[in-house]
Amino acid sequence: MKTFLALAHRWWDEQGVYAPLHSMNDLRVPFIRDNLLKTIANHQPGKPLSGMKILDVGCGGGLLTEPLGRLGASVIGIDPVAENIKTAQRHKSFDPVLDQRVEYRVCSLEEIVEETAETFDAVIASEVVEHVIDLETFIQCCYQVLKPGGSLFITTINKTQLSYALGIVFSEQIAGIVPKGTHTWEKFVSPEKLESILESNGLSVQTVAGMIYNPFSGCWHWSGNTSLNYAAHAVKQEHTVPAELVLKGDTEEL
Amino acid sequence: MAALLAGSRVGAARAAARRGPLVSCRRWAGAAADTVYDVVVSGGGLVGAAMACALGYDIHFHDKKILLLEAGPKKVLEKLPETYSNRVSSISPGSATLLSSFGAWDHICNMRYRAFRRMQVWDACSEALIMFDKDNLDDMGYIVENDVIMHALTKQLEAVSDRVTVLYRSKAVGFTWPSPISMADSSPWVHVTLGDGSTLQTKLLIGADGHNSGVRQAAGIQNVSWDYDQSAVVATLHLSEVTENNVAWQRFLPSGPIALLPLSDTLSSLVWSTSHEHAAELVSMDEENFVDAINSAFWSDANHTDFVDSASTMLHYAVAFLKPTKVSARQLPPSVAKVDAKSRVLFPLGLGHAAEYVRPRLALIGDAAHRVHPLAGQGVNMGFGDISSLVHHLRTAAFDGKDLGSMSHLTGYETDRQRHNTALLAATDLLKRLYSTSATPLVLLRTWGLQATNAVSPLKEQIMAFASK
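Keep in mind that this is a model prediction, so the values were computed, not measured.

Examining the overall build of chain B
Okay, step 1: For chain B, the helix and strand inventory stands at 13 helices and 20 strands.
Okay, step 2: Here the C-alpha atoms of chain B give a radius of gyration of 25 Å, agreeing with the 23 Å that 2.2 N^0.38 yields for 469 residues.
Okay, step 3: Reported as C-alpha extents along the three principal axes, the dimensions of chain B are approximately 80 × 45 × 40 Å.
Okay, step 4: The 469 residues of chain B split such that 53% are buried.
Okay, step 5: Working note: accessible area of chain B is about 20,100 Å², and carbon and sulfur atoms make up 56% of it.
Okay, step 6: Between the centroid of the 42 positive side chains of chain B and the centroid of its 45 negative side chains there is a distance of 9 Å.

Shown next, in the form of structure tokens:
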């Protein structure tokens, strides 16, 4: 968190320290947009995500929150670092349309679970789960705030030797692509582990796709290889009736 | 620029005094004067108006606010005049496709235009010629009066007035660019001040204000430019007899190319690029002499030399031997009988190319980015090509929820178009220089070059394909 505090004002410099996150939008936004569009029958031209309510957890300076707002969704961005929210708030305030569609709050997901139960069509946790202390609780909170049939989008880093070598040693310590101290390798999550936590908490995994960053071109690409970065899409299952209720219930319904 | 901005705020008696010149507009309740547009196009000529149309009709821009600023008054065409206008453009099939993508081409078809199927380009100093024609009966291009195109665009703009606002008699006079480092309280948009003192903001400013672009100059973008020592004379000509008139003719005289573009069965448009003195003479001489000068320019072989004639005949036989299929014989354009009174006008020619087409929140299109000699009939087509590319990049950005003024996609547009335009500009300039002389070695070189190009069909097809984008 301390690292983020120090860099709070640098979020919106597209060529600055957060450049890789800006260019990651070229993958994340279409990934979220296209998967959500599958669930909408007729979308409004110009505002394809209009009518959707989205929660961006760990929104930072709002890099991903704003594009989703521009696509028509009502977005709430939350982040525990007050400076980040301040930057995000200020940045969106200049755009009258975004100002209406996007709302920011300083808080953690756990703090708003009660009041926002089953309100969101989508929850985004992009580059967040590798910073979370208790992943199981986090996923459960995501489940609770999602509407049935709603989508959870996660992008994160795999826990492999490669991700240690490239993600920590090269990116942070050598090339300075990622600010030092941003990541702790122990907290990286493998897709297998993530999938099992998601499935056991009522979230059916639809897609897992690898992402590769090219530090020379500054661009991200989709890949079959998930050993570094990857994205996942899971859908909250509709409520299933527990076995006991079926037996007690009216047999005529069957 | 900052002073202009501060000055226009004083009247509003806000807390402007407390703040620096670049004020955050969110503090202003109901600041209608400072509307934030998504795209502002500065310049409502053929290219600027077409850009505004293309955005207005694009489905990904349905949610966006677009503004077109035009310094002149709105041109209303009540009824199509009998006489043709002397300013015409050769519209390539690619440009026609763009115009039909937002319904403007239909209006043009309902007014008037002339399709041509063949183009003959030949030298005054030799027998060499190149004949472009399309075997598959497609049109090579269309000659359309600029007024007709403008009217079609205006009509289409009116039909989307809920998305595209057009301000006539409004000229952008001052610009404030966003600072490179995002400062705390400064608005990240481009501030534009209009002639009447009102201001507005935009996320992306598109400069379509011609070769003396105010936008380009205000942004400090370097422009490589030079004046040709030539002016173009345009006129509307009456042909001696009714003909099919679907061929475009261009002859390279040592003083400059003369072109005859079909308008109807009896009318053609003249574009004659020549020295400033000769151009002035042509415009002021009496009608009979003018008509004689034109006919003689196309028909006279006075500039031929025996040496070059024999050399070119040699190559002609060689080609005929290697490629015994039909070899085009030189045809003569229709003769001219009359010229429309008052249709003779001249304008100076030059070349220009902006070193950069884009800056953060800024893109240049059309003549603001590049100015070319009319000999290849490409000027407005390059502008329409710019529009196709920029709209492609912007609609992808819009569909990805991106900030429209972001350099990440603007540089994509710049790369696309600089590649294409630089090649065409260089080729046109080279042709102009190559054909401006009657020095024998160069005449021989270009004679053989032209004959050889005429003989190599794949090469000709490549040229036609490039020019019809």
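Moving on from the model shown.
Quick look at the UniProt feature "binding site: Mg(2+)" (unreviewed entry) in chain A
All names here are of chain A.
Okay, step 1: The UniProt record marks Glu127, Glu130 and His131 with the feature "binding site: Mg(2+)" (unreviewed entry), using the residue numbering of this structure.
Okay, step 2: Following the sequence through the fold, Glu127 ends up in the loop between strand 4 (120–126) and helix 7 (135–145).
Okay, step 3: Leave out the neighbours within four places in its chain, and Glu127 touches Leu21, Met24, Arg28, Thr155, Thr156, Ile157 and Asn229.
Okay, step 4: At a separation of 2.6 Å, a polar atom in the side chain of Glu127 contacts the side chain of Thr155.

What about the sheet that holds strand 3 (residues 88–91) of chain B?
Residues and elements named next belong to chain B.
Okay, step 1: The strand order across the open sheet built from three strands is 3-7-4, with neighbouring strands paired in antiparallel fashion. Edge strands, defined here as strands with exactly one partner in the open sheet, are strand 3 and strand 4 (114–116). Strand after strand, the sheet turns through a mean of 25° between neighbouring axes, direction not considered.
Okay, step 2: Strands in contact with helix 3 (residues 93–101) are strand 3 and strand 7 (141–145); relative to strand 3, the strand with the most contacts, it is inclined by about 100°.

A few points about the UniProt feature "binding site: S-adenosyl-L-methionine" (unreviewed entry) in chain A
Residues and elements named next belong to chain A.
Okay, step 1: Listed under "binding site: S-adenosyl-L-methionine" (unreviewed entry) in the UniProt record, and renumbered for this structure, are Arg28, Gly58, Asp79 and Ser126.
Okay, step 2: Along the chain, Arg28 falls in helix 2 (residues 19–37).
Okay, step 3: Not counting residues up to four positions away in its chain, the partners in contact with Arg28 are Leu21, Leu63, Leu64, Ser126 and Glu127.
Okay, step 4: Structurally, the position occupied by Ser126 is in strand 4.
Okay, step 5: By relative accessible area, which is 7% here, Ser126 ends up buried.
Okay, step 6: In this view, Ser126 contacts Arg28, Val57, Leu64 and Thr155; residues no more than four positions away in its chain are not counted.

Conventions we followed
- Residues numbered from 1 in each chain as written.
- Chains lettered and ligands numbered in written order.
- Predicted model: local features only at pLDDT ≥ 70, side-chain atom pairs only at ≥ 80, totals over all residues.
- Heavy atoms only, no water.
- Helix = DSSP H or I, 4+ residues; strand = E, 2+ residues; numbered from the N terminus.
- Rg over C-alpha atoms; globule rule 2.2 N^0.38 Å.
- Buried < 20%, exposed > 50% of the residue type's maximum accessible area, 1.4 Å probe, protein only.
- Areas by Shrake-Rupley, 256 points an atom, 1.4 Å probe, with all protein chains shown as cover.
- Lys, Arg positive; Asp, Glu negative; His and termini not counted.
- Charge placed at Lys NZ, Arg CZ, Asp CG, Glu CD.
- UniProt positions renumbered as here; feature names shortened; annotations may be inferred.
- Contact = heavy atoms within 4.5 Å.
- Polar contact = N/O pair within 3.5 Å; in protein donor to acceptor, adjacent residues only side chain to side chain.
- Pairing = 2+ DSSP bridges.
- Axes fitted to C-alpha atoms, helices over the stretch in contact; angles between N-to-C directions.

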